Structure formats: C-alpha cells, structure tokens
Amino acid sequence: SRCIMGRAMGLVGLLLGLVLVPAVLVSTSLRHGAPRTEGEAEPSGWELAADAVPEDSLWPLPQWVRTSPRQLQLAPSRFQLVHGAGSSAGPGCGLLQDAFRRYYEYMFGNSRRRRRGRRPLAARAEPELSQLQVVIEAEDPGCDRHPLLTSSEAYHLTVTEPVAVLKAYEIWGALRGLETFSQLVHEDDYGSFLVNESEIHDFPRFAHRGVLLDTSRHYLPLKSIFTNLDAMAFNKFNVLHWHIVDDQSFPYQSIYFPELSDKGAYSPNLIYTPTDVRLVIEYARLRGIRVIPEFDTPGHTQSWGKGQKDLLTPCYNEEQPTGSFGPVNPILNTTYDFMTKFFKEISSVFPDAYIHLGGDEVDFSCWKSNPEVKEFMQKQGFGTDYAKLESYYVQNILDIVSSYNKGQMVWQEVFDHKAQLKPDTVVQVWMANNYAHELSSVTEAGFTAVLSAPWYLDYISYGQDWKKYYSVEPLNFPGSEKQKKLLIGGEACLWGEFVDATNLTPRLWPRASAVGERLWSSRNVTNLQDAYKRLTNHRCRML
Amino acid sequence: AENEPSWGTPCTELLVYVSTPGCDGFPSLNSKESYKLSISKGSMLLSAEAVWGALRGLETFSQLIGRDENGTYYINETEIVDFPRFPHRGLLLDTSRHYLPLRAILETLDVMAYNKFNVFHWHIVDDPSFPYESSTFPELSKQGAFNAMTHVYTASDVRTVIEYARLRGIRVIAEFDTPGHTLSWGPGAPGLLTPCYVGKAPSGIYGPINPIINSTYQFMTSLFQEVSTVFPDFFLHLGGDEVDFTCWKSNPEIRAFMEKMGFGENYKKLESLYIQRLLDIVSSLGKGYIVWQEVFDNDVKLRPDTIIHVWKENAMQYPKEMANVTGAGYQALLSAPWYLNRISYGQDWMEAYKVEPLSFQGVPEQKALVMGGEACMWGEYVDVTNLTPRLW
C-alpha cells in the first residue's frame, strides 16, 4: 500500500514551497510558458490582445499559474471527469460524483455534440485531452461530512496530454480545482473545446469567505438561494451567512416553537420548513459552502414576539405599558428557558460548528422605560450602564450555545460593550467608521475577526463600484503578525431592505466577485485593468 | 361559511364607449387620452373620446378590482374622470450601450402601459454599437452591431415593436443621434466620420460626422428617407448632444472650411451648420423633430415647432434651462431630474416623484410649452439581466 504519510508530507512540502515563492510569481508573470524563475518581475502594460489568453477569464486568480500556448482538444462525447488512481475517494463519493456531472454540464452545456459525432472530426493538430482525474490525498475523504473553517481547499492542477490531474488533500480542494479547470476550458471560433496545457497551484488566502443573505426583510424563495449558492461556488466563496430572521419577519419554521413562524412570518407560505433548511444546507455542502445561521438577539427581534409571549420587553410610558415591545427581556428566567430550548434545536438543525448570535444595534430605550428592568439593574449593581445588561444577556446566551458545543459568531457591538466572550468567538466587524481601528482592537484582545464593514453591497451607487470593493486590503490595520493571523476572512453583505427575488442576483453579482477575489487571491493581485478583463469574461460565463 | 357578505348579482360586463373612430391609426402628441369610468350597481361604463382614452381607462378599471379572502372578485362603486396633465410621458431605452433583446423591449412596453406612459423613446444607435438593420445601408449594422447575426433589430423586429406599442397607445420615437455619438456608424459608412489628425497625419481615430462634405448630406438624406418611412410617428429625435470638437479642430480640411466660412474658432457655428442642414432634410421628409438641449444652447436656427429635450443636471440648473427654452418659444421635454440609470441606495423614487416640472420662472404661456418629460435608462450598466428591476 502506498505511504499515505509520504504523500501528505509531499503536498505539505509543496505548499510550504509555494508560500516561500515570492509573491511576484503570480500567474501574470508566467503567461507564455517561460520557465519558472524566482523573483522575475513581470513587465506590466496590458494590451487587449486580439486573441484572448486562457488566464483572461480565471476568477479568482489562482496563487500560481503557468500556461503554455500548446492547446489540447476535448471531445464532449468522450471527455470524462473521473476518480484517479490512488485517490481515497471513489464512485461512492456522492459529493464528487455530483460535482463531476455539474462541471461537465457547465463546460459543455447542452451541447448536441455530446452525442457521438456523425462525421469524423477533421483531423486537428491538437492532441486530445480525454480525462480529468481527481485524486484526493487525505486518507479519509469525508465525502459525507460538512466543510469546516479548517478544511483544506488547496489543489494542484496539471493539464497535459493525455490526461489532466487534479490533486487535492481534501474534497473541498477538488471542488475549487474543478471550478478552475472549467474556467480554463474554452471554445474556439469553430465550436471546438480547447484547453491550454497548464499547471496551477492554488489555495485561499483567507479561510472564511462569506456572503450574507437577509431573508427577514424580504423572504427569498429557495430557488433564489440556490442560484446564489451556485454563483458563490463560481467565485470560490465558502460561507453562507444566513441572516434568517429579524424584526420584520420570522420565516424559520421551528419544530419546538411553531408559533414563531405561524405568527411571525409574512404569510404561511413565506417560510422555510425543516425540509427547506435541509435542502439549503445540502445544496451548499455539495459546493463546499458552510451554512452559518444567524439568530440575532436581543435586538432585531420584533417578529419573535408575535409567536412567543413575554419574550420581548414591554415598553413603558411612565407607569403604563405602551403596548409596544423592545429587545428580548433579559431579566426573566423564561427568556433563558426559551433560548435554551430554541438553541438546542438550532444546534441540531444546523450542522456547522458555528452559530451567529447577532448582538448588534440594541436600542436601550425600551429597557430604560421598564420599571422591572430598572429594578433588576439596581439589584445587579449595573447602575445606568445598560451595556452591562446587554452583556449579561449575551453572556448567558453564549454559555447556552457553548453547552451545545457550538462556536459563536457575534457582531462587533458584543465585543465593544465588553461582554465576556469565549476565546474562540468570532467577531464580525461591520461598522464602516474607522473599521481598521476596530480590527486592531478585536485582534489585540486575542479574538478572531471577520471583516464586512467595507463590503455592504446593499449600498448601491452608480458606476463601477466593484473597484472600490476590490481595492480593500483587509490586513491594512495596525497590528502585529500574530494579530493579522486572527483576521480569518470577510463577508459581502446584502441586507434585504430593498432586495427580493426580483433583483437579488443582478444586485449581488458580479459585484460580490470583487470581494471573492480579494479574499481568495494573493495580496498583490490588485491590478484593476487586469481584473476588469478577467471579471468581464467571468461575468459572461456566470450568466 | 358564516359571515359571507351577500354579493348580489355579479356584474357581467364593462361597456366601453368610444366617440371618435380610429382603431387602426397611430397615437400622436395630440391624441385624446381622457376617459370616464362609471361603476354602479347594474352598470359599468367606460367612455372615452378616442381609443387611447379607452386603453387608459381599462388600465384603471383593472386596478380597481379586488379579491377577497374567499377568492371573490369585487369592485367598489366608483366615479372617475381622468385625463393626463402632460401629453408626452416618455421612457428612454438605450439599445446601443447594451443590446436589449426584443422580449426586454416588449416587457418594458407592457409595464409602461401599466403606468400610463405613452412614448417609447428608442435611443437605438450610439458610439458602442449600431443594431438597427437598415435596408438602404445594410453595412451599418453588419459592421457596427456587436454581432451582426444576433445583436440586431431586423425590419420585422422594428415593426413588432411599433405595433406592440401602438396596441398600448404608445408612440415610438426613434433617435438617430448625430453628429456626435456616431462611432459605430463609421465602419459601415466609410468617409462619413471625420478623420482626426495628429499634426499633419491622420491618427486613425475618427470623430463626429464630417459636416463639410456633400456625401455626408446625401447619406443623411437617404438614411432619413428610410427612417421616416419605417417609423410612423410624426416626430424623430435627432440627438445633437455632446459633440466633442477636438477631432474637428485637428482636421486641416475642416480648419480650412472654418476660415472660408468666417467662423473663426467658433466650432459651435460648424455644429449649427450641420444641424440646420439636417433639420432641413428631415423637415422636407414631412417629419417634426426633437433635439437635445445643446442644439438650442448653441444657437442653432430651429423651426418654431421644434421640441427641445432638457437633460443636463448640474447643480439644479435645469429649471433655468426650462425657462430659457420656453421663453424662446420652443416646446420642452424634461428629463434632467429623471436619469434613472444613476442609481443610489434607498427609496430614490421619492426624489423623482417630488420633481415639479413647471417649477421655473415663467409666464403661463411658457409653462404651456412644456409637453411633458421622459425617464431615461441609459445603458452603460444595463442589459436584459438587470433592466426591469432597475427601471421599475
């Protein structure tokens, strides 16, 4: 039997070598098959070539690309995506089987040429590429498991005759490599499918590359969520941050508390049943995308109160309740009984290791107006510092969720208001004002951070605003190397106030692609002209 | 079920009464769009002077119908007297910056009808592409379209659009914008555009239409002869905006011409010369014309029934332009505050809604010269994937 360790070590060594290779050796320097030389600077000055070069439509740009002008031909009726010899995965690996079919269709479409050709093809100079062999190197491919923050997404793609080989440590890297391979295959003027001989080493710069969808401000039908997951896979995003409920509506159909959606959804058909949720999670998993649900409390919970009596704080005007409600009531035991049961369900419904608990924009005015809350404040010795009450609540929720062995993500206010967080809590930085400073503070305190502040894609504006998202450099904040390592990635957010299924896709894409490349590709891939060329090709392909 | 209201006898027909015949004609600026709707127990009547009013009334009638939770369709007793404040209520689509497939145009016409728009301003060609298939000059689209097989409007397509619009009471006003915005015309009409010079030699780049050679005017005559026949509306939009003089200035023959004519360095005079000849051509073909505001701003001699299209929006100066245009006795169309391609976050519909077109300094006779306005959806960042949610 082969020495598994040896292969693993080999790949690790290769990856280490990659990391040490000067950043300059990114694809742009290795266009025309020049032998790899360390530190060779690339003459800049891109001209729009009359005939496009294959790398002209790679997105995100891989860490290391070498292509040659030598082309290989693919015959749709014969070309196959298969498991290679020595792969720990085989035909029993449903995830890869599904990916093989999906990528075959992306590459060859509903081409009639998939049938055996009636006339023999005119003899071409190009040799035929008959297969892409996929080799998973990890001992246990984990085809039925869910992706993790720590999953390996690295891959090594070699395209030469007669077979191309895609090696990846884990199946997640194979998915990323299949996407890249599909971006290399192109049609010529005669309708033939060609691919240039190439070699690609690739891995993501950041491990958490997410898109936030908001299904509370406007319900999003499953179809539109699936379309979005497809687009995410085209751009190598790996996290769907599902902001599933909020003030306006509660579409999540809870098993323990069915009244929440019965009373809180916009209407009985605008809900996500347990089956719907499973479908989303599995659709995402097959694309290597984690689904992190967000149940945002104690603020942003108006819709919870419709189906759960006494959950929200009654607001007062002097001595009288006004009839309106504020954030979750932090002083009642019933609140925590509810949350314990509720998050037990959430922890079992959503398989990801993390749950997002929200904690943003808590308006204290209702708490301040409520006499029982005021009394509680006094008893606890919080004085008039309601941030302390918020932290008291948040800490309880964090403990509850921890007890179910889930990690927690929170919005930055939870950190800013000095709640005691678990050491592995992930803080999402979203406030645009001086976010670099916030990143410094969060990482200095030793917490991992995810950046969203410059990537609120719901804030539309006229013209090519993708450039401004592309030009963000997440590590541009004051901090030590150790601190910088704590920034694990970012998320493009599409809040739903003005978004529903009629405009979601054109609003989010391809603008989010800019964020996708920023989070995957190397730090020095910043040339806007080159990006424009690749992005326009990528966009047409995504359509 | 309990609590079911007794609806009584259902109403079975809406009677539509039109006093002036004319089902096969085309709508015009003077068309009557007024209607009366009378819904009462026992009778539902829509009456209008012309078929166009009947169309508007049908739309309103369809908006009055409700459905209760049992699925019953109902309508309240209603009396409506309606007519448009402005006779020209238009929408501009740009099919040059991005080609729009026929279905996108037809869908837009449907939604225009829901909103009682009555003019489709078809900005059909421009710098980036020439999708209009001309029978007189087939090379224009062959060489100038993004793809001459797939990204063109055939004569049949154009007829389809015109008829689809007519059935909804919508006029189709085509815009062939010259002398600027014409780069795509060049490949299919050699010699039409001005060759730009660097020093004494042509640079290989082209500029606006060449105003000093006879062949230009022969070409325009032939082209507009065709366009006048293809598009039945009385008006054609002739463009005339954003003419960049740099290329003309660089061309020695043009400079010589400027001297001969005594225009000095005032290239606006050259532009005027071109536009005037173009207006004469179009008039002689029996058409009226609409032009962008520069044509007025640059003192071109215009026919009294020219319509000036006000579009420049710098620091809320457009009311002044409206005052100037109408003060000079010309009819005006307003688009400046309604460039819907300039998207922004939030409920920007409110800004468009708050515009009061007659809010400018002028006497009632001037205000009466404002024919209406147009919402513009320029196509730099718009194609079929995002047109509908961006526009509506």
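Residues numbered from 1 in each chain as written. Chains lettered and ligands numbered in written order. Predicted model: local features only at pLDDT ≥ 70, side-chain atom pairs only at ≥ 80, totals over all residues. Heavy atoms only, no water.

## Thoughts on the UniProt feature "active site" (unreviewed entry) in chain A
Residue and element names in this part refer to chain A. In this structure's numbering, the residues bearing the UniProt feature "active site" (unreviewed entry) are E361. Relative accessible area serves as the criterion here: at 45%, E361 is assigned to the partly exposed category. Here E361 is in contact with H300, E413 and W430, once residues within four sequence places are set aside. Here H300 takes part through its side chain, which lies 2.8 Å from a polar atom of the side chain of E361. (UniProt positions renumbered as here; feature names shortened; annotations may be inferred. Buried < 20%, exposed > 50% of the residue type's maximum accessible area, 1.4 Å probe, protein only. Contact = heavy atoms within 4.5 Å. Polar contact = N/O pair within 3.5 Å; in protein donor to acceptor, adjacent residues only side chain to side chain.)

## Digging into the interface of chain A and chain B
Often, the extent of an interface is quoted as the loss of accessible area upon association of its parts. Listed per partner, the contact involves 14 residues of chain A and 13 residues of chain B. With both chains or domains summed, chain A and chain B bury close to 1,200 Å², and 66% of this area falls on carbon and sulfur atoms. Its largest share of buried area at the contact with chain B, chain A owes to I460, Y462 and F498 of chain A, together 50% of the area lost on that side. Remark: the boundary between chain A and chain B carries 1 salt bridge. For R539 of chain A, the salt bridge is made with D383 of chain B, and the minimal N-O distance between the two is 3.1 Å. Remark: the boundary between chain A and chain B carries 4 residue pairs in polar contact (both at pLDDT 80 or more). Considering only residue class, the side of chain A that touches chain B consists of 6 nonpolar, 5 polar and 3 charged. (Buried area = accessible area lost by both parts, 1.4 Å probe. Salt bridge = Lys/Arg side-chain N within 4 Å of Asp/Glu carboxyl O. Nonpolar A, V, L, I, M, F, W, Y, C, P; charged D, E, K, R; others polar.)

## Description of the pattern of salt bridges
The final tally for this structure, using the stated rule, is 37 salt bridges over all chains. The salt bridge involving K309 of chain A is made with D310 of chain A; its shortest N-O contact spans 3.9 Å. By the burial criterion, K309 of chain A is exposed, and D310 of chain A matches it. Residues R97 of chain B and D94 of chain B are paired through a salt bridge, measuring 2.9 Å at the closest nitrogen-oxygen approach. Look at R97 of chain B and you get buried, because its relative accessible area is 14%. By sharing partners, the salt bridges in this structure join D214, R217, D246 and E497 of chain A into a single network.

## Notes on the packing of helix α8 (residues 333–349) of chain A against helix α11 (residues 386–403) of chain A
Residues and elements named next belong to chain A. Where α8 meets α11, the closest approach of the two axes is 10 Å, and the angle between their N-to-C directions is 35 degrees. Crossing geometry of α8 relative to α11 is assigned as right-handed. Side by side, α8 and α11 meet where T335, Y336, M339, T340 and F343 of the first sit next to Y392, Y393, N396, I397, I400 and V401 of the second. Broken down by class, the residue content of the contact of α8 with α11 amounts to 8 nonpolar, 3 polar and no charged. (Axes fitted to C-alpha atoms, helices over the stretch in contact; angles between N-to-C directions. Helix = DSSP H or I, 4+ residues; strand = E, 2+ residues; numbered from the N terminus. Left-handed = near helix turned anticlockwise from the far one by under 90°.)

## Some words on the UniProt feature "domain: Glycoside hydrolase family 20 catalytic" (unreviewed entry) in chain B
Under the UniProt annotation, "domain: Glycoside hydrolase family 20 catalytic" (unreviewed entry) lies at residues 86–392 of chain B. Counting secondary structure, residues 86–392 of chain B comes out at 36% helix and 20% strand; the distance between its end C-alpha atoms is 21 Å.

## Considerations on the confidence of the model for chain B
Taken over all residues, the pLDDT of chain B has a mean of 96, while the share at 70 or more is 98%. Across the interfaces of the predicted complex, the ipTM metric reaches 0.91, alongside a pTM of 0.90. (pLDDT = per-residue confidence, 0-100.)

## With respect to the sheet that holds strand β3 (residues 43–48) of chain B
Residue and element names in this part refer to chain B. The 4 strands are arranged β1-β3-β2-β6 in an open sheet whose pairing can be described as mixed. The open sheet has two free edges, formed respectively by β1 (15–18) and β6 (78–82), since each of these has just one partner strand. The average angle at which neighbouring strand axes cross in this sheet is 10 degrees, direction not considered. Alignment of β1 against β3, held across 4 bridges, turns out to be parallel. (Pairing = 2+ DSSP bridges.)

## Quick notes on the packing of helix α4 (residues 222–234) of chain A against helix α6 (residues 274–285) of chain A
All names here are of chain A. Where α4 meets α6, the axes come as close as 10 Å, and the angle between the chain directions of the two elements is 15 degrees. Here α6 runs roughly parallel to α4, going by the angle between their axes. When you trace α4 past α6, the crossing you get is right-handed. From α4, L222, I225, F226, L229 and D230 reach across to α6, where they touch D276, L279, V280, Y283 and A284. (Parallel < 35°, antiparallel > 145°, perpendicular 65-115°, else oblique.)

## Observations concerning the state of the cysteines
Residue and element names in this part refer to chain A. For the structure shown, the criterion picks out 3 disulfides over all chains. Through a disulfide, C93 is tied to C143; the S-S separation comes to 2.0 Å. Where C93 bonds to C143 through sulfur, the torsion about that S-S bond is close to -100 degrees, and the disulfide is left-handed. With C93 in the loop between β2 (80–83) and α2 (94–108) and C143 in the loop between β3 (131–136) and β4 (155–159), this residue pair connects regions lying 50 residues apart in the sequence. When its relative accessible area of 2% is taken as the criterion, C93 is described as buried. Classification of C143 by relative accessible area gives buried; the value is 10%. (Disulfide = S-S within 2.5 Å.)

## Some details on the pairing of strand β12 (residues 320–328) of chain A
Consecutive residues of a regular strand have side chains that alternate between opposite faces of the sheet. Residue and element names in this part refer to chain A. Bridge analysis of strand β11 (residues 312–317) against β12 gives 4 bridges, and the strand direction is antiparallel. The partner of L312 across the bridge, within β12, is V328. In this antiparallel pair of consecutive strands, β11 and β12, the connection spans 2 residues, and E318 shows a positive phi of 60 degrees.

## Some words on helix α2 (residues 102–114) of chain B
Residues and elements named next belong to chain B. For α2, spanning 13 residues, the distance from its first C-alpha to its last is 19 Å, which sits close to the expected 18 Å at 1.5 Å a residue. For α2, the complete set of buried residues consists of A104, I105, L106, T108, L109, V111, M112 and A113. Each element contacted by the buried residues of α2 is listed here: α1 (51–64), β7 (88–94), β8 (119–123), α4 (155–166) and α13 (387–391). Of the residues flanking the end of α2, it is K116, one or two places downstream, whose phi is positive at about 60 degrees. (Expected span 1.5 Å × (residues − 1).)

## What about the confidence of the model for chain A?
Looking at chain A, the pLDDT average stands at 90 and 87% of residues meet or exceed 70. In this model, residues 1–50 of chain A is a region of pLDDT below 50 whose contacts with residues beyond four sequence positions or in other chains number 65 contacts.

## Notes on the sheet that holds strand β13 (residues 288–292) of chain B
All names here are of chain B. Taken in spatial order, the 8 strands line up as β7-β8-β9-β12-β13-β14-β15-β16 and close into a barrel, and their pairing is parallel. The sheet shows a mean angle of 25 degrees between the axes of neighbouring strands, taken without regard to direction. Bridge count for β13 against strand β14 (residues 307–310) is 3 bridges, and the pairing is parallel. Following the sheet pairing, I290 is matched in β14 by I307. Running at roughly 155 degrees to β13, helix α8 (residues 267–284) makes contact with β9 (171–178), β12 (235–239) and β13 of the sheet. Strands β14, β15 (331–334) and β16 (370–377) of the sheet are contacted by helix α10 (residues 318–327), whose axis makes an angle of about 160 degrees with β15.

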